[in-house]
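Summary of the model geometry
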Amino acid sequence: MKFTAKVKDLARVVGIAAQASSKASVMPLLQGVCLRSQASYVLAQGIGHPSGLAITSACNIEPDEDGSCVVHAKRLEAALKALPQSADVRLSFEQSRLLILCGKSRLEMPAEDGDRFPGMPASPLADPVKLDSALFSDMLGKVLHAASGESGRAMSTVIHLRLEAHGRLTMEATDSRRAARVSRLTEAASPMDVLLPKELAIELQSIIASEGAESIELAMDRDTLRASIGQSALYG
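Below or above, wherever it landed, is the structure these notes cover.

Conventions we followed
- Sequence order as written defines the numbering, with residues in each chain counted from 1.
- A pLDDT threshold of at least 70 governs which residues receive local features in this predicted model, and a stricter bar of 80 or more applies before side-chain atom pairs are shown or counted, although totals over entire chains, interfaces and linings include all residues.
- For side-chain calculations, the full set of non-hydrogen atoms in the structure is used, while hydrogens and water are omitted.
- Should DSSP find at least two bridges between two strands, the strands are taken to pair.
- Secondary structure elements follow DSSP: runs of H or I no shorter than four residues count as helices, runs of E no shorter than two count as strands, and numbering proceeds from the N terminus.
- The criterion is simple. A nonpolar core is a set of buried Ala, Val, Leu, Ile, Met, Phe, Trp, Tyr and Cys residues joined through side-chain atoms within 4.5 Å.
- Each residue is assigned to one of three classes by its accessible area relative to the maximum for its type, calculated with a 1.4 Å probe on protein chains only: buried under 20%, partly exposed between the two thresholds, exposed over 50%.
- Note on contacts: a residue pair is in contact if any heavy atoms of the two residues lie within 4.5 Å.
- The axes are straight lines fitted to the C-alpha atoms, using for helices just the contacting stretch, and the angles between their N-to-C directions are given from 0 to 180°.
- The labels follow the angle: roughly parallel below 35 degrees, roughly antiparallel above 145, roughly perpendicular from 65 to 115, and oblique for the rest.
- By definition, any crossing whose near helix is turned counterclockwise from its far helix by less than a right angle is left-handed, and any crossing with a clockwise turn is right-handed.
- Three residue categories are used. Nonpolar comprises Ala, Val, Leu, Ile, Met, Phe, Trp, Tyr, Cys and Pro, charged comprises Asp, Glu, Lys and Arg, and polar comprises the others, including Gly.
- Whenever Lys or Arg places a side-chain nitrogen within 4 Å of a carboxyl oxygen from Asp or Glu, that contact is recorded as a salt bridge.

A separate point is the pairing of strand β14 (residues 215-220). Note that strand β9 (residues 129-132) and β14 share 4 bridges and pair antiparallel. Bridged to D132 within β14 is S215. As judged from the 5 bridges shared by β14 and strand β15 (residues 225-229), these two strands associate in the antiparallel manner. Paired with A219 across the strands is R226, a residue of β15. Where β14 hands over to β15, the hairpin turn is made up of 4 residues, counted between the paired strands.

Right under this line is the structure:
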């Protein structure tokens with residue numbers, strides 16, 4: 001794996017994927033992000049344990065050599081933040097080391113082959129529902145405070161998202177002591193009924209802010225929700 005990118009572009013995708021990476025895990029690989037260079041882009045992937053949250057984010061880069069590696073998420077994120085954001089940075093992976101070159105700066109990090117990283121969840125087969133991302137994030141912000149941040153009764157830690165066939169989107173949450181509900185008309189026409197864990201909702205808000213995309217696409221099957229925002233995707 002060898003490629004050159006703008007520091008700010010690579011820092012963005014690594015930062016987004018790192019949101020899913022486990023802070024501590026019996027599987028050290030899950031404390032890392034998997035970087036994959038292929039075709040015309042570089043992809044960063046993170047998976048959480050035991051939450052099962054998974055995030056991918058990509059940027060358009062022509063790699064010099066396809067490949068993949070796994071490196072500690074927070075260490076890589078911190079290293080990229082310390083570099084000049086407008087500069088070019090070159091990454092190469094060989095013999096269990098990730099080499100990072102930027103101007104006169106040189107940094108090596110231990111890394112593992114990306115083939116050892118767990119596979120990402122399968123995408124739902126259902127057709128996605130497209131919504132305005134600013135509206136979606138604003139509505140989440142109005143109900144998040146009412147969802148409990150502590151483990152307890154399952155329904156107290158989620159946001160209930162309901163999209164009706166005529167386009168009305170409703171979000172509601174309660175922790176049994178307080179409740180919040182917001183409803184807006186949208187242009188979407190496909191019904192959807194989803195329970196969003198609070199953790200997942202917070203990550204969605206963060207990705208929307210990082211990507212700056214105009215829309216979010218949601219697809220749901222019995223087991224998996226996929227949210228696509230710009231060049232990033234969240235699975236939960």
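Okay, the nonpolar core next. Core analysis: the biggest nonpolar cluster contains 37 residues, and F136, I159, M171, L196, L204, I216 and L218 have the highest contact counts within it. Take this core: its biggest share by element is 5 residues, from helix α4 (residues 198-211). Apart from the residues lying within four places of it in its own chain, the contact partners of L196 are F136, L140, T157, V158, I159, L161, L204 and L225. V7, L10, V14 and V42 belong to the second largest nonpolar core, which has 31 residues in total.

The subject of this paragraph is the packing of helix α1 (residues 7-18) against helix α2 (residues 73-81). When two helices pack together, their arrangement is given by the angle between the helix axes and by the axis-to-axis distance. For the pair α1 and α2, interaxial distance at closest approach is 9 Å and the crossing angle is 155°. By the criterion of interaxial angle, the relationship of α1 to α2 is roughly antiparallel. As for how α1 packs across α2, the hand of that crossing is left-handed. Residues V7, L10, A11, V14, G15 and A18 of α1 touch α2, and the partners they reach there are A73, K74, L76, E77 and L80. Partitioning the contact of α1 with α2 into residue classes produces 8 nonpolar, 1 polar and 2 charged.

Time to look at the pairing of strand β3 (residues 41-47). Burial analysis of β3 places 6 of its 7 residues in the buried class, the great majority of the element. Across 5 bridges, strand β2 (residues 32-38) lies against β3 in antiparallel orientation. If you follow S37 over to β3, its bridge partner there is V42. In this antiparallel pair of consecutive strands, β2 and β3, the connection spans 2 residues, and A39 shows a positive phi of 55°. As judged from the 7 bridges shared by β3 and strand β4 (residues 54-60), these two strands associate in the antiparallel manner. Bridging from a neighbouring strand, G46 pairs with I55 of β4.

Once that is clear, we can look at the pattern of salt bridges. Throughout the structure, instances matching the rule amount to 14 salt bridges. The closest approach of N and O atoms between E172 and R162, which form a salt bridge, is 3.4 Å. With E172 in strand β11 (residues 168-174) and R162 in strand β10 (residues 158-163), the pair connects residues that are 10 residues apart, well separated along the chain. In this structure E172 comes out as partly exposed when scored by relative accessible area, which is 23%. We note a salt bridge from D175 to R177, for which the minimum N-O separation is 3.5 Å. Assessed through its relative accessible area of 73%, R177 is described here as exposed. Each of K74, E77 and K81 takes part in one network of salt bridges that share partners.

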